[in-house]
Amino acid sequence: MNAVEQTRELETQLWQGALDQRIAALSQLCAQLGVRPHRGTNCHIHTSESFSVFRSPAEAVWQAAREGIAVLGINDHYTVAGHEEFRRACNVAEIAAGFSLEAVAVDRDAAVAGLKLNDPDNPRRIYLCGKGITQYPADTTTEMRNLARMRAALDRRNREMTGKVVELFKDRLGADGPTWENVVALTPRGNATERHVAFAVLLRLRELATQQGKPLAEIMAALCGSTPPAAGDDATLQIFLRAKLLKAGAPCFVREDPDAFVSVADLRGIFLAYGSIPTYPVLGNPVLAGEQNIETLLDRLESMGFYSVEVIPTRNTRERLGEIVSAARRRWWPVFNGTEHNTPESRPLLDPFALDPEFEPWFRQSTALLLGHQRLVAQGKQGFVDLQGTPTISDPKARFEYLSQAGQFDSGPAHEAA
């Protein structure tokens, strides 16, 4: 086996092998890199534990190692199941690790006002994150029971949508559709999402196209009643299928169970139970009514007990990103940056703005604050906020500087691999 073949075999083990095998394969791969860059931050990626192009947390870390990223953060939906693998993988790759969680709440005040925040399709829903997890509460706590109830409701909805998809396949194609077992098989622990349902549909359509000797676009159009994008990649086709089959008004749509969502206060409580920093992801593009005035948005967040925001820079123009970062800096609020990677699309972990001189310093200091929160709490000291969500230092500037200093990380042009 030559060197290229050996590398490919090791890369396959990153997602096919057992946990210890994945970590061992990553260790061997990182040993091949030698001196590599060590710069840039990404505090928000999804892995296979929710939905992602990455088939395991170790595979995500391997891409980060190849790109020379200094800090990487896991941020899966409704689960922390990937944290242990991610921790071990980042340790092997000598990448500082951030640990977070994402979920959706109902903002009843926004719903009454018809105000859209960071969900373009729903005035009542709001995406929130807990950044810098420092503890893992018992399943018997109120917060973890709330989280389990949310996941169970989402699971029921996804099962029901899959059942509707099966019926649609029979009605429109005269063929069997993807089963719930096919959907769950795309996950490591059964944490299926709407994206998994859409992807299972795409895989089944490809099977039928091969079996029947027909173009995929023809079969997809027959199922959806609409022609898919020409030469679409997996990510594009999955988005098309979700829109045509699973979204509101589509034939397989199922309305969300109220149990799938808790209030903003209750979701903030879940994040605090994990010892993390409750954080609001600013959508940025499109600019929705609830985010149009950044200062007003930050005032509203502060009234709800949030003192940090997050951005996905690739969803923003330079001008809009500048507005968000500038407003946060004036308040000494951290701004965490990330790329999500929650589609089948393969793309860099360092987005075009991650190393931009206008934004990189604040992203780096904010990431250091996140790491400082994790480190200080691990030492039995106070982090950015306490377990009730109260800022530990009343002066925002002093708090920011203290936490970011505590979390300083190695960042330079090159890094010698172990």
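Up top is the structure these notes are about.
Please read these numbers as outputs of a predicted model, since none were measured by experiment.

Q: Tell me about the layout of surface pockets, and name the residues and values.
A: Estimates place the volume of the second largest pocket at around 430 Å³. Taken together, 21 residues make up the lining of the second largest pocket; nearest its centre are Ser48, Ser52, Phe54, Arg55 and Leu186. Here the residues of the lining of the second largest pocket are counted per class, giving nine nonpolar, seven polar and five charged.

Q: For the nonpolar core, give the residues involved together with the corresponding values.
A: One broad trend across soluble globular proteins is that nonpolar side chains are buried collectively. In this structure, Val61, Phe86 and Leu128 are the most contacted members of the largest nonpolar core, which totals 91 residues. If one sorts the elements of this core by residue count, strand S4 (residues 96–106) sits on top with eight residues. The contacts of phenylalanine 86, once residues within four sequence positions are left out, are Ile45, Pro57, Val61, Leu72, Gly73, Ile74, Ala97, Gly98 and Phe99.

Q: Residue-level account of the environment of threonine 134, with values.
A: Looking at the secondary structure, you find threonine 134 in the loop between strand S5 (125–131) and helix H6 (142–173). Assessed through its relative accessible area of 24%, threonine 134 is described here as partly exposed. Considered as a pair, threonine 134 and isoleucine 95 are 39 residues apart in the sequence and their alpha carbons are 18 Å apart. For threonine 134, the contacting residues outside a window of four places in its chain are Tyr274, Gly275, His373, Gln374 and Val377. In terms of polar contacts, threonine 134 uses its side chain to reach the backbone carbonyl oxygen of glycine 275, at 2.9 Å.

Q: I'd love a proper account of empty space enclosed by the protein, names of residues and values included.
A: Applying the stated rule across the entire model yields one cavity of 30 Å³ or more. Taken as a whole, the largest cavity holds about 30 Å³ of empty space. Lining the largest cavity, in full, are Cys43, Val71, Leu72, Gly73, Gly98, Phe99, Ser100, Thr367 and Leu370. Those elements giving two or more residues to the lining of the largest cavity turn out to be strand S3 (71–77), S4 and helix H14 (360–378). Of the residues that constitute the lining of the largest cavity, the class distribution is five nonpolar, four polar and no charged.

Q: Residues and numbers for the packing of H6 against helix H11 (residues 264–273), please.
A: In contact at an axis separation of 9 Å, H6 and H11 are set at 120° when each is read in the N-to-C sense. Classified by the angle their axes make, H6 and H11 are oblique. In this structure, H6 crosses over H11, and the sense of that crossing is left-handed. In this structure, H6 contributes Glu143, Met144, Asn146, Leu147 and Met150 to the contact, and H11 contributes Gly269, Ile270 and Ala273. Residue classes in the contact of H6 with H11 are distributed as five nonpolar, two polar and one charged.

Q: Which residues make up the state of the cysteines, and what values go with them?
A: Summed over all chains, the structure comprises zero disulfides. Cysteine cysteine 224 is unpaired, with the sulfur of cysteine 252 as its nearest cysteine sulfur at 8.8 Å.

Q: Hey, could you go over the packing of aromatic side chains for me, with residue numbers and the actual values?
A: How two aromatic rings sit relative to each other is set out by the distance from centre to centre and by the angle between their planes. Tallying each qualifying case throughout the model produces nine aromatic pairs. Seen from their ring centres, phenylalanine 359 and phenylalanine 363 are 6.2 Å apart, and the 25° between their planes marks the pair as stacked. Using a relative accessible area of 0% as the deciding quantity, one classes phenylalanine 359 as buried. Residue phenylalanine 363 is classed as buried on the basis of its relative accessible area, which comes to 0%. Here the aromatic cluster, defined as three or more aromatic residues joined through ring pairs, consists of Trp332, Trp362 and Phe400.

Q: An account of the side chain of serine 308 is needed here, citing residue identities and associated values.
A: Its place among the elements puts serine 308 in the loop between helix H12 (294–303) and strand S8 (309–311). Only 3.3 Å separates the side chain of serine 308 from the backbone oxygen of proline 278, close enough to count as a polar contact. At 2.7 Å, the side chain of serine 308 forms a polar contact with the side chain of threonine 279. The contacts of serine 308, once residues within four sequence positions are left out, are Ile277, Pro278, Thr279, Tyr280, Trp333, Pro334 and Phe336.

Reading the values: rules and limits
- Residues numbered from 1 in each chain as written.
- Predicted model: local features only at pLDDT ≥ 70, side-chain atom pairs only at ≥ 80, totals over all residues.
- Heavy atoms only, no water.
- 1 Å grid on protein atoms, 1.4 Å probe; cavity = no way out; pocket = protein on both sides within 12 Å on 5 of 7 lines; lining within 4 Å.
- Points joined across faces, edges and corners; volume = space filled by probe spheres on them.
- Nonpolar A, V, L, I, M, F, W, Y, C, P; charged D, E, K, R; others polar.
- Core = buried A, V, L, I, M, F, W, Y, C linked by side-chain atoms within 4.5 Å.
- Buried < 20%, exposed > 50% of the residue type's maximum accessible area, 1.4 Å probe, protein only.
- Helix = DSSP H or I, 4+ residues; strand = E, 2+ residues; numbered from the N terminus.
- Contact = heavy atoms within 4.5 Å.
- Polar contact = N/O pair within 3.5 Å; in protein donor to acceptor, adjacent residues only side chain to side chain.
- Axes fitted to C-alpha atoms, helices over the stretch in contact; angles between N-to-C directions.
- Parallel < 35°, antiparallel > 145°, perpendicular 65-115°, else oblique.
- Left-handed = near helix turned anticlockwise from the far one by under 90°.
- Disulfide = S-S within 2.5 Å.
- Phe/Tyr/Trp six-rings, centres within 6.5 Å; stacked < 30°, edge-to-face > 60°.

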